[in-house]
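As a plain string of letters, each chain reads:
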Amino acid sequence: MNRDLQDTKSSAILTALTEARRGSGNAALGMVLTLIIDVNENEHYDALHAANSAAREHPCRIVTVIRRPGKSAPRLDAEIRVGQENLLGEVIVLRLYGLLRDQADSIVLPMLLPDAPVLVWWPGQGPLIPSRDQLGMLAQRRVTDAAASSSPTASLRQRAQEHSPGDTDFAWTRITPWRTLLAAALDQPFDEIIGGEVSAVRGNASAELLAAWLENRLGIDVIRKSTRGPGITGVRLLTRRGEITLARPDGRLATLIRTDQPNRAVPLPRRGTEELLAEELRRLDPDDVYNETIQCIFGNKPDSKPSSKPTAGRREPTAAVQAGRAKEAAPAKKAAPAAPAKKVTAARKVAPEKRVAPVKSVVPAKKAASGARSKT
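Conventions and cut-offs
- Residues numbered from 1 in each chain as written.
- Predicted model: local features only at pLDDT ≥ 70, side-chain atom pairs only at ≥ 80, totals over all residues.
- Heavy atoms only, no water.
- Core = buried A, V, L, I, M, F, W, Y, C linked by side-chain atoms within 4.5 Å.
- Buried < 20%, exposed > 50% of the residue type's maximum accessible area, 1.4 Å probe, protein only.
- Helix = DSSP H or I, 4+ residues; strand = E, 2+ residues; numbered from the N terminus.
- Domains from an automatic or database assignment.
- Contact = heavy atoms within 4.5 Å.
- 1 Å grid on protein atoms, 1.4 Å probe; cavity = no way out; pocket = protein on both sides within 12 Å on 5 of 7 lines; lining within 4 Å.
- Points joined across faces, edges and corners; volume = space filled by probe spheres on them.
- Nonpolar A, V, L, I, M, F, W, Y, C, P; charged D, E, K, R; others polar.
- Pairing = 2+ DSSP bridges.
- Axes fitted to C-alpha atoms, helices over the stretch in contact; angles between N-to-C directions.
- Salt bridge = Lys/Arg side-chain N within 4 Å of Asp/Glu carboxyl O.
- Phe/Tyr/Trp six-rings, centres within 6.5 Å; stacked < 30°, edge-to-face > 60°.
- Parallel < 35°, antiparallel > 145°, perpendicular 65-115°, else oblique.
- Left-handed = near helix turned anticlockwise from the far one by under 90°.

(A) Region of interest: the nonpolar core. One finds W178, V198, L210, L214, V235, L237 and L246 to be the most contacted residues of the largest nonpolar core, which totals 33 residues. Broken down by element, the residue count for this core peaks at seven residues, all from helix α7 (residues 205-218). Formed jointly, this core draws a minimum of three residues from each of two domains, domain 1 (2-170) and domain 2 (176-267). Once you skip the residues sitting within four places of it in the chain, L246 turns out to touch W178, L181, L182, T233, G234, V235, A254, T255, L256, V266 and L268.

If you want it as C-alpha cells, here you go:
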C-alpha cells in the first residue's frame with residue numbers, strides 16, 4: 001500500500017503510517033531497528049532497493065531523507081510504502097524543501113522506533129564528520145562509503161581525524177571476505193612472515209584498509225602495488241621459506257597459493273550494496289577492529305604521509321617533549337633522598353642531649369652524699 005502526502009507534518013505522517021500498516025495486515029510485525037538513509041533524488045531509488053533487500057533479513061523502518069535543492073517555501077512531502085515489496089519493512093520517503101532542509105533531525109526524530117537502535121547510511125558523498133551530523137547524532141551506527149567520493153583514500157583519511165566509535169565505512173565491509181580467507185590461511189602452520197604486498201587499482205580505499213590491517217596484526221611492512229583492477233586483485237605474504245598468495249584477477253574467483261602445497265580455488269566475488277548493508281545491519285555495536293585499524297594508519301593530518309611501519313599511528317614523543325619530561329623528573333629524583341636525611345640527622349642531635357642531661361644531674365648527687373658521710 002502506497003500513500004502520498006503533500007505539504008504535511010510529522011504527526012500526519014505517523015497517523016497515515018499506522019493506517020497503512022493496519023490495512024496491509026502488518027500491524028503485528030516487529031521491527032528490530034530504524035534505518036535512516038540520507039540521499040539525493042538521483043540515488044534514492046538504488047538506495048531504497050538495497051535497503052528493502054536488507055530488510056528481508058532485518059525487518060526495519062526505513063526513513064529516507066531527500067533534501068530538494070533550490071529556493072522554495074518550506075514544505076514537507078512524504079511517501080508511505082507498506083506491503084508488497086516492502087513486506088518486511090516500512091518505508092517513509094521524506095522530501096524537504098526550503099529551510100526544512102536544515103531541520104532534518106527534528107522531522108525524523110518522531111518517526112524513530114521506540115527502544116530500537118538507529119543506523120544512518122549515506123550512500124553518496126556523506127559528511128566528513130558523521131558523528132557531528134544532524135542525523136548522525138541520532139544513531140548508534142553511522143555508515144559512509146568512501147568509494148562514492150572523488151578521492152576515496154583522502155576522504156577516508158579526513159574522516160579518521162574525527163573518528164568516533166560507531167563510525168564505519170563500506171570500504172571496510174568490502175574486505176570482510178578477504179580478511180576471513182587470510183585468517184583461515186594463517187590458521188595452518190606457517191613460517192615467520194617478514195613482509196607483504198597488496199595489489200589493487202590505484203586509489204582503492206579498501207586496499208589501504210586491508211594493508212593497514214595486515215600491518216597492525218602481523219607487525220610487518222606491506223607494500224601497496226597498483227594494478228588495473230577490478231578492485232583488490234591480490235595479497236601476498238612473504239615468509240622465510242616461501243609465500244602465501246591470494247590472487248583474484250577477475251573479481252570473482254580467487255586462488256590460494258602456498259609454497260610446497262597444491263593451489264586451491266576459492267569463490268571471492270565482489271559484493272553488491274545489498275550484501276554490504278545487510279552485513280552492517282547484523283552488527284550495531286562499535287567495531288573495535290576497524291577503530292584500531294583506522295586510527296593506527298589514518299590517524300594523522302591529511303597533508304602528512306601515513307607510515308607503513310607496524311607502529312604507525314602510535315606516535316613517539318619528540319625530542320623536545322622527552323627533554324621536558326626529563327627536566328620535570330630530575331628534581332623529583334634529587335629531592336627524594338633529602339627528606340629522610342634531615343629527619344635522621346635531627347634524631348641524632350636530640351638523642352645525645354637526652355642522655356647527657358641525666359648524667360649531669362646524677363654526679364652532684366653522689367658528691368653531696370659522700371660529703372655528708374665524711375662530716376658524720
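(B) Quick peek at the layout of surface pockets. Estimated volume of the largest pocket: approximately 320 Å³. Forming the boundary of the largest pocket are 19 residues, of which R174, N204, S206, G231 and R270 lie nearest the centre. Of all the elements in the fold, those that place two or more residues in the lining of the largest pocket are α6 (176-185) and α7. Tallied by class, residues from the lining of the largest pocket come to ten nonpolar, four polar and five charged.

(C) Examining the pairing of strand β12 (residues 243-247) more closely. By the bridge criterion, five bridges tie strand β11 (residues 232-239) to β12 in an arrangement that is antiparallel. By the bridge assignment for β12, L238 is matched with E243. Hairpin geometry of β11 and β12 is characterised by an intervening segment of three residues between the two adjacent antiparallel strands. Pairing geometry for β12 and strand β13 (residues 253-258), over four bridges, is antiparallel. Counterpart to T245 in the pairing with β13 is I257.

(D) Quick peek at the sheet that holds strand β14 (residues 264-267). The strand order β10-β9-β11-β12-β13-β14 describes an open sheet built from six strands, whose pairing is mixed. Edge positions in the sheet fall to β10 (222-227) and β14, since each of these pairs with one other strand and no more. Between one strand axis and the next, the sheet turns through 15° on average, direction left out of account.

(E) Representation of empty space enclosed by the protein in the model. A full pass over the atoms with the stated rule returns one cavity of 30 Å³ or more. Taken as a whole, the largest cavity encloses approximately 80 Å³ of empty space. Elements with a contribution of two residues or more to the lining of the largest cavity: β7 (141-144), α4 (152-161), β8 (167-169) and α9 (288-298). The greatest single-element share of the lining of the largest cavity, amounting to three residues, is contributed by β8. Among the residues forming the lining of the largest cavity, the class breakdown is four nonpolar, three polar and four charged.

(F) Up close: unusual backbone geometry. Residue G229 is joined to P230 through a cis peptide bond whose omega torsion reads 5°. Of note in this structure, D7 is not a glycine but carries a positive phi near 50°. Tracing the chain through its elements places D7 in the loop between β1 (2-5) and α1 (10-24).

(G) Representation of the environment of L128 in the model. The residue L128 is located in the loop between β6 (118-121) and β7 in this model. L128 sits 35 residues away from H163 along the chain, and the two C-alpha atoms are 9.5 Å apart. Residues in contact with L128, not counting those within four places in the same chain, are Q158 and R159.

(H) Region of interest: the pattern of salt bridges. In the structure shown here, the tally under the stated rule is 25 salt bridges. Linking R141 and E280 is a salt bridge whose minimum nitrogen-to-oxygen distance equals 2.7 Å. Taken together, the residues R141 in strand β7 and E280 in helix α8 (residues 273-282) connect sequence positions 139 residues apart. Pair check on accessibility: R141 and E280 agree, each one buried.

(I) How the structure looks around the packing of aromatic side chains. In total, this model carries two aromatic pairs according to the counting rule given. An angle of 55° between the planes, with centres 5.9 Å apart, marks the rings of W121 and F170 as tilted. Here F170 lies in helix α5 (residues 170-173) and W121 lies in strand β6, a separation of 49 residues in the sequence. Take W121 and F170: they sit in the same class, and that class is buried. Where W172 meets Y290, the ring centres are 5.4 Å apart and the plane angle is 50°; that geometry is what we call tilted. Here W172, found in helix α5, pairs with Y290, found in helix α9; they are 118 residues apart in sequence, far enough to count as distant.

(J) Just the packing of helix α2 (residues 44-55) against α8, in detail. Running from amino to carboxyl end, α2 crosses α8 at an angle of 50°, the nearest separation of the two axes being 8 Å. Taken together, the axis directions place α2 and α8 in an arrangement best described as oblique. Helix-helix and strand crossings are classified by hand; for α2 and α8 the assignment is right-handed. Contacts from H49, A50, A51, S53 and A54 of α2 reach α8 at T273, E274, L277, A278 and L281. Considered class by class, the residues forming the contact of α2 with α8 number six nonpolar, three polar and one charged.

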